[in-house]
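Each chain, letter by letter, is given below.
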Amino acid sequence: MSGPGGNGEGLQDPEAEAAVLAAALLDNDILGELVQRLRAEDFGRPAHGEIYRAMVETYDARQPVDLVTIRDVLRRRGTLEEIGGAQALVALSEAEPTAVNALHHAAILRDLARQVSEVASLPVMAERREMWRRHNRLERVRPMILVFPEGAWRELLPQDALK
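S.K.: Account for helix 1 (residues 14-26), with residues named and values stated.
M.R.: The first and last C-alpha atoms of helix 1 sit 18 Å apart over 13 residues, in line with the 18 Å expected at 1.5 Å per residue. When you tally the buried positions in helix 1, you get 11 out of 13 residues, the bulk of the element. When helix 1 is considered as a whole, its buried residues turn out to be P14, A16, E17, A18, A19, V20, L21, A22, A23, A24 and L25.

Right, dumping it as structure tokens:
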């Protein structure tokens, strides 16, 4: 299995994604459960996210979710070829012979999506910490800055206060 980090794709699990999509094609009732647990953005592969988005739209419209309806939705959107064509949908339908483990697979995808979100936020968090550190350093010296005329305060501040 090419799970998280398994083949250079980062935090993705294409097999779990395919299994979830196949289960939704097999059992529309399970799709009702999946809709409450997964978002299209939770899929690592954009094509899988687009297919899931089409499934949710079809499900929300109270239409049957199957190969024909999903193919039609994707064709109308102009994204059928982007996801690999009708052949990709057929391959997905053959990916999982049962819908029994769909909720477990959905939990895997949700966990991976959470990890991706956490990893993506690390640089932002580090930048915010640095900004907060600088802000706090300036807050300690702000009263001195207000007392002295412009430029005079520079000589009174510790050298690292403005870094």
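S.K.: Requested: an account of the side chain of E50, with residues and values cited.
M.R.: Here E50 shows up in helix 3 (residues 46-60). Residue classification places E50 among the buried positions, given a relative accessible area of 14%. Only 3.3 Å separates the side chain of E50 from the side chain of T79, close enough to count as a polar contact. Excluding anything up to four places from it in sequence, E50 contacts L74, R77, T79 and I83.

S.K.: Explain the packing of helix 3 against helix 4 (residues 67-77) to me, using residue names and the numbers behind them.
M.R.: Taken N-terminus to C-terminus, the directions of helix 3 and helix 4 make an angle of 110 degrees; their axes are 9 Å apart at the nearest point. As far as their axial angle goes, helix 4 and helix 3 are roughly perpendicular. Contact residues: E50, I51, R53, A54, M55, E57 and T58 in helix 3; T69, I70, V73, L74 and R77 in helix 4. Each residue belonging to the contact of helix 3 with helix 4 can be placed in one class, and the counts come to 6 nonpolar, 2 polar and 4 charged.

S.K.: How would you summarise the pattern of salt bridges if you had to cite specific residues and measurements?
M.R.: A complete count under the given rule lists 7 salt bridges for this structure. Residues E50 and R77 are paired through a salt bridge, measuring 2.8 Å at the closest nitrogen-oxygen approach. Remark: R77 occurs in helix 4 and E50 occurs in helix 3; sequence separation between them is 27 residues. R77 sits in the partly exposed class, given a relative accessible area of 30%. Sharing partners across several salt bridges, the network here consists of E41, E50, R53, E57 and R77.

Calculation notes
Residues numbered from 1 in each chain as written. Predicted model: local features only at pLDDT ≥ 70, side-chain atom pairs only at ≥ 80, totals over all residues. Heavy atoms only, no water. Helix = DSSP H or I, 4+ residues; strand = E, 2+ residues; numbered from the N terminus. Expected span 1.5 Å × (residues − 1). Buried < 20%, exposed > 50% of the residue type's maximum accessible area, 1.4 Å probe, protein only. Polar contact = N/O pair within 3.5 Å; in protein donor to acceptor, adjacent residues only side chain to side chain. Contact = heavy atoms within 4.5 Å. Axes fitted to C-alpha atoms, helices over the stretch in contact; angles between N-to-C directions. Parallel < 35°, antiparallel > 145°, perpendicular 65-115°, else oblique. Nonpolar A, V, L, I, M, F, W, Y, C, P; charged D, E, K, R; others polar. Salt bridge = Lys/Arg side-chain N within 4 Å of Asp/Glu carboxyl O.

Note that every value here comes from positions in space, so none of it alone points to a role or purpose.
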